[in-house]
Amino acid sequence: MRFTDKSIIVTGAGSGIGRAAALLFASEGGRVVVADKTEGADETAHLITQAGGTATAIRIDAGLEEDVIRTIALACNSFGGLDVMFANAGISGGMANLFDTDVALITEVLRVNLIGPFLAIKHAAPRIAERGKGAIVLTASVAGIRSGAGSPAYSASKAGVINLAAVSAQQLTGSNVRVNAICPGLTETGMTKPVFDYAREANKMDRVGRLNPLHRGAQPEELAKVALFLASDDASYVNGQAIAVDGGLSSSHPVTRQEYGKTAA
Ligand SMILES: NC(=O)c1ccc[n+]([C@@H]2O[C@H](COP(=O)([O-])OP(=O)(O)OC[C@H]3O[C@@H](n4cnc5c(N)ncnc54)[C@H](O)[C@@H]3O)[C@@H](O)[C@H]2O)c1
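These numbers come from a predicted model, not from an experiment.

Engineer: Account for the sheet that holds strand S3 (residues 54–59), naming residues and giving values.
Structural biologist: The sheet built from 7 strands is open, its strands ordered S3-S2-S1-S4-S5-S6-S7 with parallel pairing. Each edge of the open sheet is held by one strand with a lone partner, namely S3 and strand S7 (242–245). Looking at each pair of strands side by side, their axes are set apart by 15 degrees on average, direction ignored. Of the strand pairs in this sheet, strand S5 (residues 134–139) and strand S6 (residues 177–184) are connected by 6 bridges, and their pairing is parallel. The residue of S6 that forms the bridge with Ala135 is Arg178. Contacts from helix H3 (residues 65–79) reach strand S1 (7–11), strand S2 (31–36), S3 and strand S4 (84–87), with the element oriented near 155 degrees to S3.

Engineer: Could you give an account of the layout of surface pockets, naming the residues involved and the relevant values?
Structural biologist: Put simply, the second largest pocket is a space of about 370 Å³. When the residues that make up the lining of the second largest pocket are grouped by side-chain class, the tally is 7 nonpolar, 9 polar and 7 charged.

Engineer: Could you give me a rundown of the site of the ligand, with the residues and numbers involved?
Structural biologist: Surrounding the ligand, one finds 29 residues, the nearest of these being Ser15, Asp36, Ala62, Tyr154 and Thr189. Here Asn88 contributes a backbone N or O atom positioned 2.8 Å from an oxygen atom of the ligand. Burial of the ligand by the surrounding chains reaches 93%, relative to a free accessible area of 830 Å². Those elements that place two or more of their residues in the shell around the ligand are helix H1 (16–27) and helix H5 (152–171).

Engineer: Can you tell me about the packing of aromatic side chains, naming the residues and giving the values?
Structural biologist: Counted by the stated rule, this structure contains 1 aromatic pair. Taking the centre distance of 4.9 Å and the plane angle of 80 degrees together, the rings of Phe3 and Phe25 count as edge-to-face. Remark: Phe25 occurs in helix H1 and Phe3 occurs in the segment before S1; sequence separation between them is 22 residues. Residue Phe3 shares its accessibility class with Phe25, and that shared class is buried.

Engineer: A description of the packing of H1 against helix H2 (residues 40–50) should follow, citing residues and the corresponding values.
Structural biologist: Viewed as axis vectors pointing N to C, H1 and H2 meet at an angle of 25 degrees, and their least axial separation amounts to 10 Å. One element, H1, and the other, H2, form an angle in the roughly parallel class. Regarding H1 and H2, the two cross each other, and that crossing is right-handed. Every residue of H2 that contacts H1 at Arg19, Ala22, Leu23 and Ala26 is listed here: Gly40, Glu43, Thr44, Leu47 and Ile48.

Engineer: Outline helix H7 (residues 220–231), listing residues and values.
Structural biologist: The first and last C-alpha atoms of H7 sit 16 Å apart over 12 residues, in line with the 16 Å expected at 1.5 Å per residue. Each element contacted by the buried residues of H7 is listed here: H1, S4, S5, S6 and S7.

Engineer: Could you give me a rundown of the environment of Val33, with the residues and numbers involved?
Structural biologist: Checked against the element boundaries, Val33 lands in strand S2. Look past the residues within four positions of Val33 in its chain and what remains in contact with it is Ile8, Ile9, Val10, Thr56, Ile58, Thr71, Leu74, Ala75 and Phe79.

Engineer: Account for unusual backbone geometry, naming residues and giving values.
Structural biologist: Phi at Asn176 takes a positive value of approximately 70 degrees, unusual for a residue other than glycine. Residue position: Asn176 is located in the loop between H5 and S6. Positive phi values are uncommon outside glycine, yet Asn203 reaches one of about 55 degrees. Within the secondary structure layout, Asn203 lies in the loop between helix H6 (193–201) and H7.

Engineer: Give me empty space enclosed by the protein: which residues, what numbers.
Structural biologist: Inspection of the entire model under this criterion finds 1 cavity of 30 Å³ or more. In this model, the largest cavity occupies a volume close to 90 Å³. Lining the largest cavity are Thr11, Ile60, Ala62, Val68, Thr71, Met85, Ala87, Ala89, Val112, Gly116, Pro117 and Ala120. Counting residues per element, the ones that place at least two in the lining of the largest cavity are H3, S4 and helix H4 (103–130). If you tally residues by element for the lining of the largest cavity, the top one is H4, at 4 residues. Here the residues of the lining of the largest cavity are counted per class, giving 9 nonpolar, 3 polar and no charged.

Reading the values: rules and limits
Residues numbered from 1 in each chain as written. Predicted model: local features only at pLDDT ≥ 70, side-chain atom pairs only at ≥ 80, totals over all residues. Heavy atoms only, no water. Pairing = 2+ DSSP bridges. Helix = DSSP H or I, 4+ residues; strand = E, 2+ residues; numbered from the N terminus. Axes fitted to C-alpha atoms, helices over the stretch in contact; angles between N-to-C directions. Contact = heavy atoms within 4.5 Å. 1 Å grid on protein atoms, 1.4 Å probe; cavity = no way out; pocket = protein on both sides within 12 Å on 5 of 7 lines; lining within 4 Å. Points joined across faces, edges and corners; volume = space filled by probe spheres on them. Nonpolar A, V, L, I, M, F, W, Y, C, P; charged D, E, K, R; others polar. Near = heavy atom within 4 Å. Polar contact = N/O pair within 3.5 Å; in protein donor to acceptor, adjacent residues only side chain to side chain. Areas by Shrake-Rupley, 256 points an atom, 1.4 Å probe, with all protein chains shown as cover. Phe/Tyr/Trp six-rings, centres within 6.5 Å; stacked < 30°, edge-to-face > 60°. Buried < 20%, exposed > 50% of the residue type's maximum accessible area, 1.4 Å probe, protein only. Parallel < 35°, antiparallel > 145°, perpendicular 65-115°, else oblique. Left-handed = near helix turned anticlockwise from the far one by under 90°. Expected span 1.5 Å × (residues − 1).

Written out as structure tokens, the structure is:
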């Protein structure tokens, strides 16, 4: 029960990693503002209250400043302040290559994926600091670490999120507000549903995640648990970091690996 009576905002909580995190926060006693642009927000809040937890839903665009301010006000008015902000909402923006990416596309991807977390930090940090301590967690991606896991627009946006965690942790010196990011690898969520659906239909699930040493994709709860760790006092000395949660994908250059227990041919 690491979050008993803590006031927590999760954006992108209508699906995937955000929903899993909202459910886990609530199961550990947190009072959760479930923010999403879709009706998934209401569904997640319903799941939490059905299980005996405390949640309130809000429909927002996480990349719009007035909506971020409105969400933080809801948390402060409903739960007496703010302790944790999980800025997780994001869009893939498709797989357009550099030359097929127009300015409108990259602007929208950056608005949601990078300006969203920027606004979350800018407006949440002062409220969290008022409590004496707390945490902000951002969702970046392995795509933000290096090439090969997303479009140029998506990858650039997530690289920005990784840097934002570092810079804002420094800018919050003395506030006792920590900022960290998670970098998910391929995770089964709304965003990646077509990949997993196709693999299941084609009986090719063994190929999903085969580039990482665990040979599988992640489930949203595996990401949510790391977000909760970073948001909790268990991570009281972790600050300004981006933690890859990718089955080991980003820990290697591309090489032909030798399987454990098998000798080289
Ligand atoms: N699934 C993966 O493999 C993977 C890998 C790396 C990073 N991520 C990141 O994880 C985060 C969560 O995504 P997910 O995989 O759970 O996908 P998802 O599509 O299941 O969930 C994302 C949620 O964010 C919401 N959302 C999107 N834009 C929004 C906006 N402007 N305002 C408010 N809500 C908005 C969506 O409605 C959705 O409910 C994203 O930031 C994504 O980029 C996912």
